[in-house]
There are 2 protein chains.
Amino acid sequence: MEKYIYAFEEGNKDMKDLLGGKGANLAEMTKLGIPVPPGFTITTEVCEFYYKNGRKYPPGFNAEIQKAVRELEEKTGKRFGDPERPLLVSVRSGAAISMPGMMDTILNLGLNDKVADGFAKKTNERFVMDAYRRLVQMFGDVVMGIKHDKFEEALQEIKDKKGAKLDTDLDASDLREVIKKYKDIIKKEKGESFPQDPMKQLQMAVDAVFGSWNNPRAIKYRELNDIRGLKGTAVNVQAMVFGNMGENSATGVCFTRDPSTGEKRFYGEYLTNAQGEDVVAGIRTPKHLDDMKREMPEIYKQLTGIMERLEKHYKDMQDMEFTIEEGKLYILQTRNGKRTAAAAVKIAVDMVGEGLIEKETAIMRIDPSSINQLLHKQIDPKAKTEVIAKGLPASPGAAVGKVVFSAEEAEEWVHERGEPVVLVRNETSPEDIHGMAVAEGILTSKGGMTSHAAVVARGMGKCCVAGAEEIKVDYEKKEFHAGNYTVKEGDFISLNGTTGEVILGRAPVVEPEMKGEFRTLMEWADNIRVLGVRTNAETPKDAKTARDFGAEGIGLARTEHMFFEGDRIVSVREMILAEDEEGRRRALEKLLPLQRGDFEKLFEIMDGLDVTIRLLDPPLHEFMPNTEEEMKEVAKEIGVPLEKIQEKVRSLHELNPMLGFRGCRLAIVYPEIAEMQVRAIFEAAANVMKKGIKAKPEVMIPLVATAKEMEIMRDLVEKTAKAVLEEKGVEIPIKIGTMIELPRAAITADEIAKYAEFFSFGTNDLTQTTFGFSRDDAGKFIPAYKEKGILEKDPFASVDQEGVGFLIKLAVEKGRKTRPELKIGICGEQGGEPSSVDFCHRAGLTYVSCSPYRVPIARLAAAQAAIRNK
Amino acid sequence: MEKYIYAFEEGNKDMKDLLGGKGANLAEMTKLGIPVPPGFTITTEVCEFYYKNGRKYPPGFNAEIQKAVRELEEKTGKRFGDPERPLLVSVRSGAAISMPGMMDTILNLGLNDKVADGFAKKTNERFVMDAYRRLVQMFGDVVMGIKHDKFEEALQEIKDKKGAKLDTDLDASDLREVIKKYKDIIKKEKGESFPQDPMKQLQMAVDAVFGSWNNPRAIKYRELNDIRGLKGTAVNVQAMVFGNMGENSATGVCFTRDPSTGEKRFYGEYLTNAQGEDVVAGIRTPKHLDDMKREMPEIYKQLTGIMERLEKHYKDMQDMEFTIEEGKLYILQTRNGKRTAAAAVKIAVDMVGEGLIEKETAIMRIDPSSINQLLHKQIDPKAKTEVIAKGLPASPGAAVGKVVFSAEEAEEWVHERGEPVVLVRNETSPEDIHGMAVAEGILTSKGGMTSHAAVVARGMGKCCVAGAEEIKVDYEKKEFHAGNYTVKEGDFISLNGTTGEVILGRAPVVEPEMKGEFRTLMEWADNIRVLGVRTNAETPKDAKTARDFGAEGIGLARTEHMFFEGDRIVSVREMILAEDEEGRRRALEKLLPLQRGDFEKLFEIMDGLDVTIRLLDPPLHEFMPNTEEEMKEVAKEIGVPLEKIQEKVRSLHELNPMLGFRGCRLAIVYPEIAEMQVRAIFEAAANVMKKGIKAKPEVMIPLVATAKEMEIMRDLVEKTAKAVLEEKGVEIPIKIGTMIELPRAAITADEIAKYAEFFSFGTNDLTQTTFGFSRDDAGKFIPAYKEKGILEKDPFASVDQEGVGFLIKLAVEKGRKTRPELKIGICGEQGGEPSSVDFCHRAGLTYVSCSPYRVPIARLAAAQAAIRNK
């Protein structure tokens with residue numbers, strides 16, 4: 001590290017790691033000649049040094065910052081502490097990856113008693129005192145760590161005394177009183193005074209920004225967003241410009257396209273006579289950019305010109321902050337704008353159409369996890385609903401849940417009672433994120449499309465209605481009013497994130513469908529990807545949904561799920577309770593037509609596509625009742641003595657059921673169960689064939705550990721299937737394969753492949769056995785493991801590439817050595833997770849299989865994997 | 001296969017695979033000029049063909065057997081069916097590996113009504129009718145499958161009618177009556193007559209021998225003795241000689257050395273005027289070879305001459321069958337004799353002294369598993385015992401258990417009640433093997449040292465007292481009488497297998513010690529082996545025993561075992577119930593001096609040797625009470641409300657504890673537990689050092705899945721140990737290593753080795769996770785898995801070399817890549833199992849660690865591995 005500080009003129013947009021995103025873009029804009037107030041950036045390396053050296057700065061840093069300030073003074077012609085022409089600056093954090101609302105900002109730094117007085121004389125006293133008041137408040141709160149309530153209370157007290165309704169009702173002398181009160185608060189709370197030396201202010205502010213890098217909110221944000229490997233934050237020090245110097249001043253944010261829908265139109269909000277934080281905080285409801293066109297046509301032209309230029313330059317939708325100081329426009333920030341998934345898709349596809357980017361770039365632009373949003377339910381547009389309020393459609397989708405009024409309650413209701421909630425707040429703040437994360441949706445009564453609630457909800461893919469001003473929240477009584485309606489905590493409401501409607505009760509929702517740009521993007525993805533994408537489904541509903549979402553077959557149909565349906569469980573229990581094979585066969589006889597019916601439906605839906613059906617997997621005790629109450633009921637139902645059921649339940653009990661009597665072990669001890677299932681599969685296939693449907697069954701053997709198990713099972717399946725096909729007089733290829741879900745299966749994959757036409761990695765069980773983690777019990781230590789950096793990602797959500805991945809690659813290699821044409825898939829939860837899909841692509845798998853709603857995610861992730869690993 | 005049948009002149013001793021052991025040795029003896037009745041052997045390949053082709057013989061086989069019979073007729077000058085000079089033969093099975101009592105034998109084949117009459121006229125009518133009677137009975141039983149009780153009953157009936165006490169009291173005409181009755185039984189039971197055509201008899205007998213290859217007894221024997229990969233059995237057809245032609249005839253078995261003690265002296269038993277089966281069956285108590293020296297000095301000289309010659313030829317102790325027909329000696333069989341482990345050791349060491357074999361051969365001669373016997377307890381020779389009977393010391397050792405009278409009861413008492421039993425029978429038969437396998441010891445009232453009971457018990461390394469004639473068994477009343485004593489089912493008795501004493505009640509037993517030849521053999525083994533041998537021990541008693549048995553340190557001291565001792569468990573529970581770290585530390589404080597004391601004792605016993613101590617491994621719920629009763633008690637003891645204990649037990653409950661919150665996961669969440677243990681270890685080491693003892697502690701981290709866990713744990717151990725050593729002012733190297741017991745640890749061994757100075761394979765857990773088998777639950781399917789050939793050996797007893805072994809080799813390779821000097825051991829149950837020891841040698845491990853009693857086994861197995869893999 002040779003240089004700690006870069007003036008904006010010295011950097012460019014490719015220096016994000018060093019200057020942070022904000023700093024790099026300020027530098028880039030400066031280079032492009034965009035009107036940016038001058039300033040400098042303290043590098044992320046200083047932050048890194050700061051944390052590595054017990055919160056100390058590198059040698060020489062002090063001299064360099066003094067020099068940077070002197071240069072800024074020269075550029076602006078102003079000076080720190082000069083009562084006539086004081087240099088005032090903003091101090092903002094900015095890491096390489098944007099973390100909105102997470103890091104802290106100081107404005108108007110450089111003001112002190114002397115400067116304020118001098119400056120007030122030269123300019124507008126009220127404006128200066130307001131600026132000073134804000135500085136003292138922010139500084140007290142953010143830098144000195146005093147609760148901001150203290151300041152709010154003091155302000156309110158004076159407002160009450162003066163009969164002022166709004167802040168703006170206070171005059172200069174009122175504000176002087178506020179400043180005095182504020183300084184008293186600081187003195188009282190901290191035992192030291194608000195610092196009068198601007199350089200001291202700056203140093204303390206830089207300290208605070210660096211300190212905020214590791215505050216709990218920032219850590220939580222990085223954790224939630226899986227952000228790792230950053231050096232730290234940079235600090236941007238920039239000459240202040242003022243949007244609150246009167247009616248020809250303003251401050252706002254704008255997007256080059258609509259961040260909610262992706263529509264190609266300028267989009268923005270601003271407040272006249274306001275400072276930047278007023279917009280983001282969502283306290284006043286802002287004006288729309290269209291108003292500016294009318295009110296300040298010249299500035300509007302200038303601003304939209306810059307917007308167009310920056311979008312072309314960055315080849316992506318830009319999110320900008322601007323300030324108009326007495327009729328002069330300044331751009332304070334530009335960055336690639338956050339957007340909803342729908343907007344991301346539309347923008348990417350549109351930009352390909354506009355010749356701005358390539359298809360591959362468009363595909364890489366979309367975070368596959370985010371398209372979840374596009375697949376989520378909507379309030380049924382045809383339903384009659386009771387709309388009680390309307391706000392801004394801040395984040396699309398639908399939410400139905402019980403009303404709660406705090407993040408804590410949201411967590412409690414969801415985690416402890418398992419109830420869906422809608423979080424209702426006047427406005428949200430970073431402290432509310434944990435509650436937003438668990439809520440179905442968020443409703444605020446204040447704030448715009450760029451308010452904290454809106455931005456965070458979009459990032460989370462959660463439905464949000466913001467700024468529904470009719471809603472009056474009463475936190476104390478735990479209720480809100482909307483017109484004549486009173487809604488209490490625990491009452492159901494529904495939100496329509498696409499229209500902004502707030503609906504009383506539980507509105508009906510409809511499932512999404514893919515269309516337009518999304519369909520186009522997915523087609524491009526399908527053309528590029530190498531991996532197949534199937535679904536894990538056993539119900540007709542799931543199978544249908546998945547096929548609509550583009551699934552190319554079923555990779556895992558769990559037959560045991562079918563055992564629980566309706567009164568089948570009675571026959572299943574009869575089978576388990578039977579004394580001998582004959583008794584079991586009698587009970588299985590009853591299940592046969594039902595299973596056959598299930599399979600017929602799956603084959604019909606998946607006409608022409610592979611349907612991989614896994615034979616019974618779970619231990620038998622999962623089908624038995626647990627409590628004495630239930631056992632009594634079952635005894636009556638089946639007509640056996642209670643004691644017999646208790647005895648059976650006892651004998652089926654296992655200490656470690658995960659590693660117990662399940663999977664093919666059941667089929668080897670009780671072959672009649674597997675025989676019934678295979679018979680049902682092939683009878684179903686033969687039956688639908690007669691209707692002209694092409695059934696392509698694949699029989700999958702679970703929990704194989706040795707080649708011999710596979711040999712025995714292959715023999716059983718083949719014999720049974722052949723017998724059925726002979727009876728039915730039809731020909732259907734008999735495909736038999738296995739799950740690879742035990743380390744031993746991966747290790748002996750070459751032997752197992754002798755008897756298997758396909759493999760499917762069961763990465764849930766494979767992760768459990770490879771790590772020795774029981775998914776059900778690991779909750780006791782996983783949090784500590786994440787905290788200590790032992791686990792970077794939850795291995796049950798994302799394939800552990802080092803450990804489990806080694807076994808996967810080994811099995812692929814060994815399996816294909818024996819049988820080069822071996823078809824290999826994955827059907828664990830991780831099959832639809834983008835980084836796991838990327839791994840599967842690299843490991844040479846044939847397909848991934850995932851839950852229906854993850855099918856489009858997997859298709860896109862597979863395309864990205866193909867591009868990334870070209 | 002070009003030749004199905006070999007005359008004895010055509011083979012030799014190296015053709016065991018083809019001719020079976022018996023056939024090959026008959027051929028060898030024939031070649032040596034030993035007096036062997038002529039005959040031929042049908043090869044094992046015919047048996048193999050027979051089973052592979054639906055019990056059919058190869059083409060041309062019939063012609064070849066006819067030719068062989070014709071040649072035998074020529075050699076003997078006798079002919080099948082000739083009433084004057086009839087050819088009579090024995091038909092015996094004989095596989096490549098001897099299976100005594102398992103396969104069936106037919107004698108006197110060739111007799112029929114006409115031959116019997118003619119032959120009777122020429123010779124001795126009673127003798128011929130007795131021979132014919134035996135043939136019909138054996139043929140009916142063994143070849144035609146009629147229960148031998150039927151024949152026994154008919155015989156008894158006639159004996160009763162005639163007032164005969166013994167079979168020999170029946171005269172020729174009585175025997176004719178018996179034969180008639182027997183033939184009627186056959187006709188009635190099977191609807192066909194006893195075949196009169198000798199060739200037909202022979203064909204049926206060969207069928208029966210091949211059939212017996214796969215009878216349940218034979219299969220069970222192969223299973224018990226782990227015999228695999230044989231083609232089948234050969235069939236030996238040999239001209240009959242008769243030991244029952246009067247007082248100058250006899251039949252017997254002899255050993256070139258004492259099979260029980262190994263002493264170098266001729267040893268044997270015979271019956272005059274008897275057929276071979278009479279000796280083996282143990283119905284009459286035979287004479288000793290010393291009697292022959294007196295009664296038939298010439299024959300004795302001839303026999304012992306042959307014995308000496310054959311032992312020198314085979315360079316091993318021989319077990320021979322002989323028959324004296326009217327003063328002429330024939331040898332019917334020779335083979336390497338079965339022997340007790342003690343005898344095996346003595347013979348091997350003696351033979352090295354005699355210059356007969358090399359040390360390496362001597363080492364290879366001993367089955368390591370068998371030396372278990374030498375290490376097992378003996379009745380305390382100094383104890384006062386109430387001896388109620390005395391039999392033959394048929395198999396050494398001691399047995400204390402409850403009396404049962406059938407194999408079924410033995411199994412039931414042991415498996416279902418968990419009680420030790422002594423099986424008491426008049427005599428045993430192959431049907432009793434399963435009962436003998438579970439019994440502590442076997443007592444028979446009839447039979448000699450070579451009776452079924454004696455042979456099988458020695459093979460099993462089980463204590464046996466045979467032929468205790470004072471014992472009168474009443475199966476019906478379930479009791480036995482011995483003089484005035486009556487002992488009922490369930491009463492305790494004790495057996496002294498070294499003296500033959502039967503003792504009332506539970507006699508005190510003493511542990512064995514190593515001496516004499518055994519010590520010599522083990523010294524040779526130690527000089528040859530490459531693998532180190534350590535022990536798994538945490539109690540001073542076990543550690544002492546193991547060191548006496550030659551352990552070179554402790555490979556695994558399980559600290560949790562120490563947590564259960566005395567009232568320590570109270571402090572352990574206090575620790576678990578503590579609200580916070582401070583509370584836990586308070587409870588741990590109490591445990592510290594106790595653990596330190598444990599370690600001091602271990603270090604003292606293992607002075608100068610490595611002591612590997614594993615930190616706490618099991619999940620905490622193992623230390624908590626289970627029933628409400630116990631919980632109440634604990635609540636009182638510790639002084640906390642019952643509810644709190646119940647709540648804690650509930651919260652600690654796990655669905656799959658094997659894969660749960662245990663091992664280093666505990667230490668990472670509650671580092672204070674590990675800190676206490678490490679402190680105890682190094683304080684103990686420092687304390688004993690001051691007494692001049694050399695403590696060499698190694699701290700072992702359990703259940704590591706990731707390198708990061710190891711890094712964190714290494715840091716914790718190092719810091720704590722350094723602090724202790726500094727306090728104590730001593731220097732002791734801090735060695736830290738890990739268990740490799742999860743697949744992921746093996747896979748990432750290169751990373752883990754960065755923080756580990758040694759590895760120890762925990763093959764119990766590694767087997768559970770690699771197979772996905774819970775050891776506690778696998779009982780439900782393991783039997784079926786063995787039966788179907790899915791598991792050849794229990795992977796928890798013997799390392800699964802294909803699956804688990806792959807991971808072991810991988811971890812060795814990866815670990816040593818990072819750290820070439822890495823010390824690697826194994827501490828699972830398999831560490832003392834010979835085939836696993838061989839694997840560990842080949843895998844390049846540094847040492848194996850096993851339970852104390854397995855230490856000598858491991859030392860020997862390690863030497864054999866070194867020889868075998870030279």
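Whatever comes next refers back to the structure up there.
Q: With reference to specific residues and values, describe the overall build of chain A.
A: The number of helices and strands found in chain A is 34 helices and 31 strands. On C-alpha atoms alone, chain A measures out to a radius of gyration of 32 Å, which is about the 29 Å that the 2.2 N^0.38 rule sets for 870 residues. Taken over the C-alpha atoms alone, chain A extends approximately 100 × 60 × 50 Å along its principal axes. Taking the average place of the 126 positive charges on the side chains of chain A and the average place of its 140 negative ones, the gap between the two points comes to 3 Å.

Q: Requested: an account of helix α12 (residues 297–314) of chain A, with residues and values cited.
A: All names here are of chain A. For α12, which comprises 18 residues, the first-to-last C-alpha distance of 26 Å matches the rise-based estimate of 26 Å (1.5 Å per residue) to within 8%. For α12, every residue scored as buried is listed here: I299, Y300, L303, T304, I306, M307, L310, E311 and Y314. When α12 is viewed along its axis, its buried side chains cluster within an angular range of 160° and face the same direction. Opposite the packed face of α12, turned more than 90 degrees from it, sit the exposed residues E298, K301 and K312. Positioned one or two residues after α12, K315 has a phi angle of 50°, which is positive.

Q: Could you give an account of the packing of helix α19 (residues 540–548) of chain A against helix α22 (residues 581–605) of chain A, with specific residues and numbers?
A: Residues and elements named next belong to chain A. Where α19 contacts α22, the two axes come as close as 10 Å, and the packing angle between them is 10°. Classified by the angle between their axes, α19 and α22 sit roughly parallel to one another. Note on element contacts: α22 touches α19 through K601, L602 and I605, opposite P540, A543, K544 and R547. Grouping the constituent residues of the contact of α19 with α22 by class yields four nonpolar, no polar and three charged.

Q: Please set out the interface of chain B and chain A residue by residue, giving values where relevant.
A: Facing the 49 residues of chain B at the interface are 49 residues of chain A. Across the interface of chain B and chain A, roughly 4,300 Å² is buried in total on both sides, 64% from carbon and sulfur atoms. A per-residue breakdown of the area chain B buries against chain A is headed by B:L659, B:R744 and B:K780, which together make up 15% of the total. Between chain B and chain A we count four salt bridges in total. The salt bridge partner of A:R744 is B:E802, with a shortest N-O separation of 3.3 Å. Counting every contact that joins chain B to chain A gives 28 residue pairs in polar contact (both at pLDDT 80 or more). Elements with a minimum of two residues in the side of chain B that touches chain A: α24 (642–652), α25 (664–669), α27 (707–728), α28 (743–747), α30 (763–771), α31 (782–787) and α32 (804–818) of chain B. For the side of chain B that touches chain A, the per-class residue count stands at 23 nonpolar, 13 polar and 13 charged.

Q: I'd like a rundown of the pattern of salt bridges, residues and numbers included.
A: Residue and element names in this part refer to chain A. All chains considered together, the criterion is met by 140 salt bridges over all chains. Among the salt bridges present, the one from K3 reaches E10, with a minimum N-O distance of 3.2 Å. In this structure K3 comes out as partly exposed when scored by relative accessible area, which is 30%. Residue classification places E10 among the partly exposed positions, given a relative accessible area of 41%. Here the salt bridges do not stand alone but share partners, grouping R534, D610, K696, E698 and K823 into one network.

Q: Can you break down helix α5 (residues 125–143) of chain A residue by residue, with the values?
A: All names here are of chain A. Helix length check: α5 (19 residues) gives 26 Å between terminal C-alpha atoms against 27 Å at 1.5 Å per residue, within 8%. Where burial is concerned, most of α5 is hidden: 15 out of the 19 residues are buried. One side-chain oxygen at the N-terminal end of α5 lies 2.9 Å from the backbone nitrogen of R126; it belongs to N124. Just downstream of α5 lies G145, where phi reads positive at about 75°.

Q: Describe the relation of the copies chain B and chain A, listing the residues and the values that go with them.
A: Taken as rigid bodies, chain B and chain A are interconverted by a rotation of 179° and an axial shift of 0.5 Å, the fit giving an RMSD of 0.4 Å. Expressed as a symmetry operation, the mapping of one chain copy onto the other fits a two-fold axis. It is B:N656 whose C-alpha, among those of chain B, lies nearest the rotation axis, at 2.1 Å. In this assembly the copies share their binding face: 100% of the residues contributing to the interface of chain B also contribute to that of chain A.

Q: I'd like a description of the sheet that holds strand β9 (residues 318–325) of chain B, backed by residues and values.
A: Pairing is antiparallel across the open sheet formed by five strands, whose spatial order is β8-β7-β6-β9-β10 (chain B). Taken across any chain shown, the strands that pair with only one partner, and hence form the sheet edges, are β8 (287–288) and β10 (328–336) of chain B.

Q: Could you give an account of the packing of helix α30 (residues 763–771) of chain A against helix α32 (residues 804–818) of chain A, naming the residues involved and the relevant values?
A: All names here are of chain A. Interaxial distance between α30 and α32 falls to 9 Å at its minimum, and their mutual angle equals 120°. Crossing geometry of α30 relative to α32 is assigned as right-handed. On α32, the residues touching T763, L766, T767, T770 and F771 of α30 are V804, L807 and I808. Split into classes, the residues belonging to the contact of α30 with α32 amount to five nonpolar, three polar and no charged.

Q: Explain the sheet that holds strand β15 (residues 421–425) of chain A residue by residue, including any values.
A: Residues and elements named next belong to chain A. Spatially, eight strands are ordered β12-β22-β21-β14-β15-β16-β17-β13 in an open sheet, and the strand pairing comes out mixed. The open sheet has two edge strands with one neighbour each: β12 (387–390) and β13 (392–395). Neighbouring strand axes in the sheet, compared pairwise and without regard to direction, differ in orientation by 30° on average. When strand β21 (residues 492–496) meets strand β22 (residues 501–504), the two strands line up antiparallel, connected through four bridges. If you follow L495 over to β22, its bridge partner there is V502.

Q: Break down the pairing of strand β6 (residues 250–255) of chain A for me, with residues and values.
A: All names here are of chain A. Along β6, six of the six residues are buried, which leaves the element largely enclosed by surrounding structure. Judged from the six bridges that link them, β6 and strand β7 (residues 267–272) form a sheet pairing that is antiparallel. When the bridges of β7 are listed, T251 appears paired with L271. Where β6 and strand β9 (residues 318–325) come together, six bridges link them in antiparallel fashion. Of the residues in β9, the one forming a bridge with V253 is E321.

Analysis parameters
- Residues numbered from 1 in each chain as written.
- Chains lettered and ligands numbered in written order.
- Predicted model: local features only at pLDDT ≥ 70, side-chain atom pairs only at ≥ 80, totals over all residues.
- Heavy atoms only, no water.
- Helix = DSSP H or I, 4+ residues; strand = E, 2+ residues; numbered from the N terminus.
- Rg over C-alpha atoms; globule rule 2.2 N^0.38 Å.
- Lys, Arg positive; Asp, Glu negative; His and termini not counted.
- Charge placed at Lys NZ, Arg CZ, Asp CG, Glu CD.
- Expected span 1.5 Å × (residues − 1).
- Buried < 20%, exposed > 50% of the residue type's maximum accessible area, 1.4 Å probe, protein only.
- Arc of directions from axis to C-beta.
- Axes fitted to C-alpha atoms, helices over the stretch in contact; angles between N-to-C directions.
- Parallel < 35°, antiparallel > 145°, perpendicular 65-115°, else oblique.
- Contact = heavy atoms within 4.5 Å.
- Nonpolar A, V, L, I, M, F, W, Y, C, P; charged D, E, K, R; others polar.
- Buried area = accessible area lost by both parts, 1.4 Å probe.
- Salt bridge = Lys/Arg side-chain N within 4 Å of Asp/Glu carboxyl O.
- Polar contact = N/O pair within 3.5 Å; in protein donor to acceptor, adjacent residues only side chain to side chain.
- Least-squares fit on C-alpha atoms with pLDDT ≥ 70 in both.
- Pairing = 2+ DSSP bridges.
- Left-handed = near helix turned anticlockwise from the far one by under 90°.

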